[in-house]
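Below, each chain spelled out in residue letters.
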Amino acid sequence: MVVDRRSSMQTTVLACGAAAVVLGLLGLAAWLIGKPTLASLGPDYVPMAPLTGALFVGQGLTLLSRGFSSPSELFRGVALVVLSISILLGALGLAAYLTGLDISPDSGIAAPGQRLGAIPLFQMSPLTGGLFALAGCGQLVALTWPRARQALDAGAIMGLVTVTAGFVATVGYLFDSPLLYGGSFIPLAATTSLGFIALGAGCAAACGPESAALRPLVGHSPRAVMLRAFLPLTTTIILLHGLAAKSLHGAGVSRALVSAVLAVVFTAVTAVVVLRLARRIGHTIEATQESLRESEEKFARAFAASPALMVLSSFPEGIMIDANAAFLDFVGCRAGEVLGRRSTELGFWAEPGQRRAVVEALREGGRVSGVDVAIRAKSGEVKTILFSAERLRINGRDCMLTVAVDVNAQRQAEAAIRASEAKYRTLFESMTDGVAVTDMTGRLIDFNESFRAMVGYPAEELLRLRYHDLTPERWREMDRQILEGHILPRGHSDVYEKQYRRKDGSLFPVELRVFMIKDAAGAPTAMWALVRDVTERKKADDQKKALEEQLRQAQKMEAIGVLAGGIAHDFNNILGAILGSVELAMDQAHDHGLDAADLRQIIASVDRAKELVRQILTFSRKVAPQFKAMDLSEEVERTIAVLKRTLPKMIEIETSLARGLPPILADANQIGQVLLNLASNAAHAMPDGGKINIVTELAVVSDGFCTGCGQPFSGEYVLLRFTDQGQGMDRETIAKMFDPFFTTKEVGKGTGLGLSTVFGTIKSHGGHVTCHSELGRGSSFTIYLPPHQGPLPAEQVAPDDESPPGGHETIMVVDDEPLLRRFARQHLEAVGYGVLEAASGEDALDALKRRAYPPHLVILDLGMPGMGGLRCAKELLARWPGLRILIASGYADDSQVRQSLDHGAIDFLAKPFRRVDMLGAVRRMLDRPLSQNG
């Protein structure tokens, strides 16, 4: 049968505590009711003092509280107070006797007149005070340090001393030996001695079976068995002997006879007990030896076969007594090389400080467990073992049993894992793309700094969110479909795009791909996503689309320009023919005295048509803008005439144009284009029709602010205000409306260049633009142009009767239009010039090769078939470097004109030209010295 030693000890503590409390209560009751015999063994015995009874009750209750398995902190605190008070009172009682001072704690309790013989009643013995102090200290030490072995040992010893003193006093009463319970001082009461036996036994038992005082009684060793048998037997024999001798002697029987009879009886009893005990001990020894032998065999087999490294060595010297094969293989030695030698001598401890720490730990606690120790093998290689050791005593010799495990592979694997984790963490944190890990509910469990910065949340707050919290509502259904349709069945998704919401509420586009994380059984445990912010890429894509649209627009404009150039050439030739015919008709009308008013009207129409062609060429970027002083109101009126033909009929144009405005220095075509762009935007903003209001006036600005450039301005300006009744714009649109390629129109319906062109044009004219707009209330653009400091140029109209200049020089006319050549010949011959004709550059070169000298002047058309005018001019000048050449063409782009002039041509005359313009240019060139040519 296995007995729980601690349970038995607790039962003993409770029983002893209860006995002490009962005896103490009897003592108190005897004092309270005035019957001393209630607290003694009889009328002839000294009764227990009331203070003694109170202290027995107090210390007995502390034993009862310790007898429970887990007394509360309140009970423990009360027990410490009670013990401290009892120690103090006991010490005062002993000190009063030793010093002779009247400091006895019960001096006020004892009645001076009550005595038993010469002994005062109800007064505590000094021996009682000392034993109370001793027993109280034993309990106090053990209660204060319940896990310290030295404290428990001291408490148990104090308890045994208390038991011994109580037992001696009891024996003194049984054998009528006063010196054993008192002498010259107040004797120890018989009931008090019994109380100290219970109090001391309870104190020793409360310190536990491992305490030094009780350790010899515990276990199955022959010594423990004999002590547990003979101590109770001897104590019982002594007490029974004294009790029987006292009782029979009182009945008149001879004490010698009583002693002899009792000696025979107790000898017989002892013999029977010894015989039974010897038989039991013999069986126990045999069983123990057999068990020990089996245990040793099992240990030896386990020691030898264990895969763990096992060593038995002396302590603390470290002399190797035995080592198993696993250890010998680990250090690379044979048994004969290590047994009988010190571990330090063999150099096994790679770090001697570790051995000193192990030895110190074994001295203090007797055991070391799970410590990493570096061991040097015979080869010199240092390896790590997980070291555990226990201090043992074998055959009277202190030993140390070491059990260790080779953890080199484990440590290397752990180091590799740590390195891998560090590498992964470095890669994880250094990625510019965001990485986020979620559990299967979508809660974020890890992420890198790029992802955190991307969404703008603090890390602590982000760990409380799910990825749904970062996803706008309209994307959540798509997320669910991708999870169920791709991630769960396939383990990953394709790359897809969505939006995230930052902490500040702003949305931004992301591109991501999600992967599943599974456990060893293949069950999904988490997901991780690679997230890329594609805001800049989206902007780049939009810019690319805008640039592509710009390129298409530029290509269209280039195509329009080429078409316009060709049309301009032919149209100007037609206008030239008309103008030449009209001028001949005017000459005839003049000769016959007829009215030429209708003919002059035709000439004016030709001039307007000529200006219209120039506007087309300017719009198509085929001629440079021509800045000239103009009246803004007049230019607006001309442009409105075009707008009325091009805008939808539902749009009404109202004007309020000031007269007599200061002139502005501007390009008429570009000012017209500004109005066209504003009108086009207004038409898109008023799909159901509406009104456009255009105002011009002179304004003095004191605190203007340019919407386009963001700069303040002030001063006097000629103002153009354009107002529509369209849909209007919000602040965000107003802030971006002048950006190139910014448009609110549908794809394919706008290039985003209209308002940016307006701003660029006005800025190039030194002006400013402001805008006021509200959603649903239309828009108003105000353009401020600086006035030109100078008068408007007077219109130059040659009088009909002006005599054109003439001469006698020879002039060659080179043009592919026969009618124009005929008119040129007639006009030139009419004023005395000799004229040569050529229909192309090739004809001109052939004709001049047959001449000994060149003509005085060549009028050369640039836009001819074949070699063209520019190449012809180069070859003519190469042959005759001083030859005068006048470039005349219905259309020639800037580059051709510049090249002709750079190669020696003198001037350029744009078709269609009037007779007086041609003859004046011819005369000016002929009158110019040859040194100024080219």
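What you see is a predicted model; the values in this text were computed from it and never measured.

**Overview of the overall build of the chain**
Within the chain, the regular secondary structure consists of 27 helices and 24 strands. Buried residues in the chain amount to 41% of all 934 residues. In the chain, the proportion of contacts linking residues at least 24 apart, taken out of those at least 6 apart, comes to 62%. Of the accessible surface of the chain, which amounts to about 49200 Å², a share of 58% is contributed by carbon and sulfur atoms.

**A few points about the pattern of salt bridges**
Under the counting rule described, the total for this entry stands at 31 salt bridges. With a closest N to O distance of 3.3 Å, Asp398 and Arg391 form a salt bridge. Three or more residues are tied together by salt bridges with common partners; here these are Glu497, Glu511, Arg537 and Lys538.

**Overview of the packing of aromatic side chains**
Inspection of the entire model under this criterion finds 11 aromatic pairs. Through a chain of ring-to-ring contacts, the aromatic side chains of Phe56, Phe132 and Phe196 assemble into a single cluster. Just above the ring of Phe330 sits the side chain of Lys383; from NZ or CZ to the centre is 4.8 Å. Above the plane of the ring of Tyr853 lies Arg851, whose end atom (NZ or CZ) is 4.9 Å from the centre.

**Details of helix H12 (residues 352-365)**
An ideal rise of 1.5 Å per residue puts 20 Å on 14 residues; H12 measures up with 20 Å between its terminal C-alpha atoms. Within H12, burial applies to Arg355, Val358, Val359 and Leu362. Mapping the buried residues of H12 onto a view down its axis gives an arc of 95°, with all of them on the same face. Within H12, the exposed residues directed more than 90 degrees away from the buried face are Arg356, Glu364 and Gly365. For H12, the secondary structure elements touched by its buried residues are helix H11 (343-346), strand S5 (367-376), strand S6 (382-394) and strand S7 (397-406). Two residues or fewer after H12 comes Gly366, characterised by a positive phi angle close to 80°.

**Some words on the sheet that holds S5**
Here we have five strands laid out as an open sheet, ordered S4-S3-S7-S6-S5, and antiparallel in their pairing. Each edge of the open sheet is held by one strand with a lone partner, namely strand S4 (320-323) and S5. Strand-to-strand, the axes of this sheet are offset by a mean angle of 30°, without reference to chain direction. Sheet topology note: the strand S3 (residues 309-314)/S7 ladder contains six bridges and is antiparallel. Residue pairing in the sheet places Leu309 in a bridge with Ala404 of S7.

**Points about the side chain of Thr471**
Mapping Thr471 onto the fold places it in the loop between helix H15 (459-462) and helix H16 (473-490). Under the relative-accessibility criterion, Thr471 is labelled buried at 0%. A polar contact is formed between the side chain of Thr471 and the side chain of Lys498, at a distance of 2.8 Å. Non-local contacts of Thr471, meaning those with residues more than four positions away in its chain, are made with Arg476, Asp479, Lys498, Gln499, Tyr500 and Arg501.

**A word on the state of the cysteines**
Here a disulfide denotes a covalent bond joining the sulfur atom of one cysteine to the sulfur atom of another. With the rule as written, the count across this model stands at zero disulfides. Free of any disulfide, Cys207 has its nearest cysteine sulfur in Cys203, 5.0 Å distant.

**Let's talk about the sheet that holds strand S11 (residues 507-518)**
Within the open sheet, the five strands sit side by side as S9-S8-S12-S11-S10. Their pairing is antiparallel. With one partner strand each, in any of the chains shown, strand S9 (444-447) and strand S10 (496-501) form the two edges of the open sheet. This sheet shows a mean twist of 35° between the axes of neighbouring strands, independent of strand direction. Taken strand by strand, helix H13 (residues 408-430) contacts strand S8 (434-439) and S9, and its axis lies near 90° from that of S9. This element, H16, spans S10, S11 and strand S12 (524-533) of the sheet and lies at about 135° to S10.

**Some thoughts on the pairing of strand S17 (residues 712-724)**
Sheet faces and side chains relate simply in a regular strand, where the side chains alternate between the two faces. When strand S16 (residues 690-705) meets S17, the two strands line up antiparallel, connected through 12 bridges. The residue of S17 that forms the bridge with Glu697 is Leu719. In terms of strand pairing, S17 meets strand S19 (residues 779-785) through six bridges, oriented antiparallel. Of the residues in S19, the one forming a bridge with Phe722 is Phe781.

**Quick look at the environment of Met630**
Within the fold, Met630 resides in strand S13 (residues 627-630). Placed 37 residues apart in sequence, Met630 and Asp667 show a C-alpha to C-alpha distance of 8.6 Å.

**A closer look at the environment of Trp528**
Mapped onto the fold, Trp528 is located in strand S12. When the C-alpha positions of Trp528 and Phe447 are compared, they lie 9.1 Å apart, and in sequence the two are 81 residues distant.

**Here we look at unusual backbone geometry**
Cis geometry marks the peptide bond from Phe315 to Pro316; its omega dihedral reads 5°. In this fold, Pro316 is placed in the loop between S3 and S4.

**Describing the packing of helix H4 (residues 126-144) against helix H5 (residues 149-174)**
Two numbers describe a pair of packed helices, the interaxial angle and the distance between the axes. At a minimum axis distance of 8 Å, the contact between H4 and H5 shows a crossing angle of 155°. The angle between the axes of H4 and H5 places the two elements in the roughly antiparallel class. The two elements H4 and H5 cross, and the hand of that crossing is left-handed. Each of Leu131, Leu134, Ala135, Cys137, Gly138, Val141 and Ala142 in H4 lies in contact with H5, whose residues at this interface are Ala151, Leu152, Gly155, Met158, Val161, Thr162 and Ala165. Per-class residue counts for the contact of H4 with H5 are 11 nonpolar, three polar and no charged.

**Comments concerning a nonpolar patch on the surface**
Taken together, the side chains of Leu88, Leu92, Leu101 and Ile103 make up a nonpolar region of the molecular surface, amounting to roughly 340 Å² of accessible area. Within the fold, Leu88 resides in helix H3 (residues 73-99).

**Quick word on the packing of H5 against helix H6 (residues 190-206)**
At a minimum axis distance of 7 Å, the contact between H5 and H6 shows a crossing angle of 155°. Viewed along their axes, H5 and H6 adopt a mutual orientation that is roughly antiparallel. In this structure, H5 crosses over H6, and the sense of that crossing is left-handed. Two secondary-structure elements touch here, H5 through Gly155, Ala156, Gly159, Leu160, Thr162, Val163, Gly166, Phe167, Ala169, Thr170 and Tyr173 and H6 through Ala190, Ser193, Leu194, Phe196, Ile197, Gly200, Ala201, Cys203 and Ala204. Looking at the contact of H5 with H6 residue by residue, the class counts come to 13 nonpolar, seven polar and no charged.

**Looking at the environment of Leu140**
As for its placement among the helices and strands, Leu140 is situated in helix H4. Along the primary structure Leu140 and Leu80 are separated by 60 residues, whereas in three dimensions their C-alpha atoms are 6.6 Å apart. Filtering out sequence-adjacent residues up to four positions away, Leu140 remains in contact with Leu80, Leu83, Ser84 and Ile87.

**Quick notes on the side chain of Ser493**
Positionally, Ser493 belongs in the loop between H16 and S10. Under the relative-accessibility criterion, Ser493 is labelled buried at 0%. Not counting residues within four places of it along the chain, the set of residues in contact with Ser493 comprises Ile482, His486, Ile487, Arg513 and Val514.

**Here's the deal with the confidence of the model for the chain**
Mean pLDDT over the chain works out to 79, with 78% of the residues at or above the 70 mark. Note on residues 747-752: pLDDT is under 50 here. Beyond four places in sequence and across chains, it has 11 contacts. Scored below 50 in pLDDT, residues 794-801 shows four contacts in the model against residues more than four places distant or in partner chains.

**Structural notes on H6**
With 17 residues, H6 extends 25 Å between its outermost C-alpha atoms, agreeing within 8% with the 24 Å of an ideal straight helix rising 1.5 Å per residue. Within H6, 13 of the 17 residues are buried, leaving the element largely enclosed by the surrounding structure. Residue Gly208 follows H6 closely and has a positive phi angle near 95°.

Cut-offs applied
Residues numbered from 1 in each chain as written. Predicted model: local features only at pLDDT ≥ 70, side-chain atom pairs only at ≥ 80, totals over all residues. Heavy atoms only, no water. Helix = DSSP H or I, 4+ residues; strand = E, 2+ residues; numbered from the N terminus. Buried < 20%, exposed > 50% of the residue type's maximum accessible area, 1.4 Å probe, protein only. Contact = heavy atoms within 4.5 Å. Areas by Shrake-Rupley, 256 points an atom, 1.4 Å probe, with all protein chains shown as cover. Salt bridge = Lys/Arg side-chain N within 4 Å of Asp/Glu carboxyl O. Phe/Tyr/Trp six-rings, centres within 6.5 Å; stacked < 30°, edge-to-face > 60°. Lys NZ or Arg CZ within 6 Å of the ring centre and 35° of its normal. Expected span 1.5 Å × (residues − 1). Arc of directions from axis to C-beta. Pairing = 2+ DSSP bridges. Axes fitted to C-alpha atoms, helices over the stretch in contact; angles between N-to-C directions. Polar contact = N/O pair within 3.5 Å; in protein donor to acceptor, adjacent residues only side chain to side chain. Disulfide = S-S within 2.5 Å. Parallel < 35°, antiparallel > 145°, perpendicular 65-115°, else oblique. Left-handed = near helix turned anticlockwise from the far one by under 90°. Nonpolar A, V, L, I, M, F, W, Y, C, P; charged D, E, K, R; others polar. Patch = residues over 30% accessible without salt bridge, like charges linked within 9 Å, V, L, I, M, F, W, Y side chains within 5 Å. pLDDT = per-residue confidence, 0-100.

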